[in-house]
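Secondary and tertiary structure notes
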Amino acid sequence: MSTILFELGSEELPPKSLKPLRDSLQASVESQLKDANISYDSLKAFAAPRRLAIQIEGISEKQPDRTEQRRGPAVKAAYDADGNPTRAAEGFAKGLGVDVSELMTIETDKGDYIGYELTVHGQATTELLPNIFQTALDNLPIAKRMRSGASREEFVRPVKWLVLMQDDQVIEASVQGLQAGNQTLGHRYHSPDALTIAHAKDYESVLENAKVIADFDHRQQLIAERVKVLADEVNAKAIVPQDLLDEVTALVDLPVALRATFEERFLQVPQEALISTMQADQKYFCLTDKDGKLQPYFIFISNIESKDPSQVVSGNEKVVRPRLADAEFFFLQDQKQPLIEMAESLKNRVFQDKLGTIWEKSERVAKLAGFIAALFKEENIAGYADIDVEQATRAAMLSKADLTSTLVGEFPELQGIAGTYYARLNGEPEAIAAAIEEQYLPKFSGDALPQTAVGICLALADRIDTLVGIFGIDQAPTGSKDPFSLRRSAIGVLRILIEKQLPINLVSLIEQAIYNYQGKLPHAGETLTQVNDFVNSRYRAMYTEQGISVDSIQAVLAIHPHMPLDFDQRIHAVSEFRGLPQAATLAEINKRVANILAKSEGEASESVDESLLTEEAEKTLYQALSAAKTEVAPMQAQAKYNDILQSLATLEAPLTGFFDHVMVNSDDPALKANRLTLLKQVRELFLTVADVGELQI
């Protein structure tokens, strides 16, 4: 057993790609070693700004020998009647370089064949490794590769050196056009000279002495710890997004955390703008108090141990000041006109060529938001019945105004957020101000939902208007193309209606949105169907993420509920029903009943004639069905779907008895029609919850 070290040195690797490159390199090498049947004790991948490396401990010296069985012609063709080998046998033996006498007989289902067991000696690990590493490099997820100088080799950045060692020996090989050696480079500034690695096990310690922490995860841990220490010193909490932490970790060999300050006057600017510019442009970690309010500090990670850190801090403070000043200027400039005047500028901004301007969209959204708010009041929906309909309408008219602001022009990610700040400065009611930001929630899977009643109305109205408009002009998403994010919008609508417990008919909202377009959509009927079907198709993605089976989703979709909250209640009832011992039998019976009724369409009547119930089993089923109807009627009124299915589970025994002892397709037309009616009523009772015949249990 020995230790292998592979390191590829290059110019600075793209920081956002460094971690994925490391992970891909490790996964590829591990996979290839497994395929080659080479054992090892441990494998560790390293990644720093100028290097990717792999260290393998306890690796086997060679592949194990293996036996391969070679099969030749059939025994009948290999030997004549006297048992002497034929030309076929001799030719087979000659091809293997063995004598005929060394051949064996292989018995198979198709007859006996001659054969030979060949021992294949495993290759030395050092012979296989160069190709393994080259293949791993070739398969790295690199969007655009480049060539360096006259070399024909391609990589994400120009390569500079190669280390490939087994213990204390260099493995003579070429990878990525470089000849392997045992010399590496340390920190670009603190240790610029070449370093000799005496043994493959010494890799990390050699680099650490040269001011390089090669282990990406260890480097990241150090950064996180040092950032926390500096934040604690000023009783603050650091904002450390994982993407930013990964990027900063990829930018430095030697992380040195320093804290700097900026003028408190900048805190009057929306903190989201300040945080955005400091994170995106400067890769700084911002600090907030316990309530999430931005503090006048930031932490940055230097790649140099400076003799005078105060100079480094001062330099970063000078760099960030103009960026914060720009954000301040934009913010103050926007305040020269009220939000409603900004909204007027939307009359000249196109939402979509065929659907008009953003102002026209705002007018439609205002009507729909008002319609939804009125529903909240009419339906007396708990927690939302006291909503102000006029506020919902005004919030919609102001909702897109900040798109014309200079602040959003510079920081597009602040749309909605900027509008909320300006609304408060203009003295708008808090319900309107909060709704302007909340209209964009949820922004992604798992994101928070709007909290205020007006925000909910606005978020629903905006999404439904877009869905209706884009489908109405025949621009529905195709394949992976979804420029208006309609899939995300549809899921957002469903999440709001379900998670906010809003008993609202989705079809009525779509119909109102179509009406608001005032004839601009040429095929209103088709649009209604298409939008409704599209939104319903999102249920599958939503619920499979929650671990609910596809057939349970299909069972509820089959009855076309128009209220997402009702759909959610049904889906959970069906999922619970699946666990009942009677579920499999009832699912199969429902499927059977559906098939029988489909083949006998029109033969069943509206009510069962008790006088025609001749068999004991059908009388028992009728009595059980009547009792079930009586029991579930109040449950239906209260949408207690779990209880309904629990009650209907008692029909398993009478249904099984019915099909065991009763001939549905009787020669007597009256008996047949009566039995079909009985089954129809069974079917209809189950369909009050879902089509359990869709279940594959």
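Residues numbered from 1 in each chain as written. Predicted model: local features only at pLDDT ≥ 70, side-chain atom pairs only at ≥ 80, totals over all residues. Heavy atoms only, no water.

**Brief notes about the side chain of Ser362**
- In this structure, Ser362 sits in helix H11 (residues 358–378).
- For Ser362, the contacting residues outside a window of four places in its chain are Leu346, Ala396, Met397 and Lys400. (Helix = DSSP H or I, 4+ residues; strand = E, 2+ residues; numbered from the N terminus. Contact = heavy atoms within 4.5 Å.)

**Here's the deal with the layout of surface pockets**
- The computed volume of the largest pocket comes to approximately 620 Å³.
- For the lining of the largest pocket, the secondary-structure elements that each account for two or more residues are H11, helix H16 (453–472) and helix H17 (486–499).
- Of all the elements, H16 adds the most residues to the lining of the largest pocket, at three residues.
- Here the residues of the lining of the largest pocket sort into eight nonpolar, five polar and seven charged.
- Taken together, 18 residues line the second largest pocket, and the ones lying closest to its centre are Ser445, Ile491, Arg495, Met542 and Glu545.
- Listing elements by their share of the lining of the second largest pocket, those giving two or more residues are H17 and helix H19 (524–545).
- The element that contributes the greatest number of residues to the lining of the second largest pocket is H17, accounting for seven residues.
- Looking at the lining of the second largest pocket residue by residue, the classes come out as eight nonpolar, four polar and six charged. (1 Å grid on protein atoms, 1.4 Å probe; cavity = no way out; pocket = protein on both sides within 12 Å on 5 of 7 lines; lining within 4 Å. Points joined across faces, edges and corners; volume = space filled by probe spheres on them. Nonpolar A, V, L, I, M, F, W, Y, C, P; charged D, E, K, R; others polar.)

**Here we look at the nonpolar core**
- Grouped together as the largest cluster of nonpolar side chains are 144 residues, with contacts concentrated most on Met278, Phe376 and Leu502.
- With 13 residues, the single largest contributor to this core is H16.
- Leu18, Leu129, Phe133 and Ala250 belong to the second-largest nonpolar core, a separate cluster that totals 38 residues. (Core = buried A, V, L, I, M, F, W, Y, C linked by side-chain atoms within 4.5 Å. Buried < 20%, exposed > 50% of the residue type's maximum accessible area, 1.4 Å probe, protein only.)

**Points about unusual backbone geometry**
- Following Leu441, the chain continues into Pro442 via a peptide bond in cis, with omega recorded as -5°.
- Of note, Pro442 is situated in the loop between helix H15 (430–438) and H16.
- In this model, Asn235 sits at a positive phi of 55°, which is unusual for a non-glycine residue.
- Within the secondary structure layout, Asn235 lies in the loop between helix H6 (216–233) and strand E15 (237–238).
- Phi is positive for His560, which is not a glycine, with a value near 55°.
- Residue position: His560 is located in the loop between helix H20 (550–557) and helix H21 (564–577).
- His560 gets classed as exposed once you look at its relative accessible area, which sits at 56%.

**Some thoughts on the pairing of strand E3 (residues 51–59)**
- The buried fraction of E3 amounts to eight of the nine residues, a majority that puts the element mostly inside the structure.
- In this sheet, E3 lies alongside strand E1 (residues 2–10) in antiparallel orientation, the contact comprising seven bridges. Across the sheet, the residue bridging to Leu5 is Gln55, located in E3.
- In the sheet, strand E2 (residues 42–48) pairs with E3 via seven bridges, with the strands oriented antiparallel. Along E3, the bridge assignment pairs Leu43 with Ile56.
- Hairpin connection between E2 and E3: a loop of two residues separates the two successive antiparallel strands. (Pairing = 2+ DSSP bridges.)

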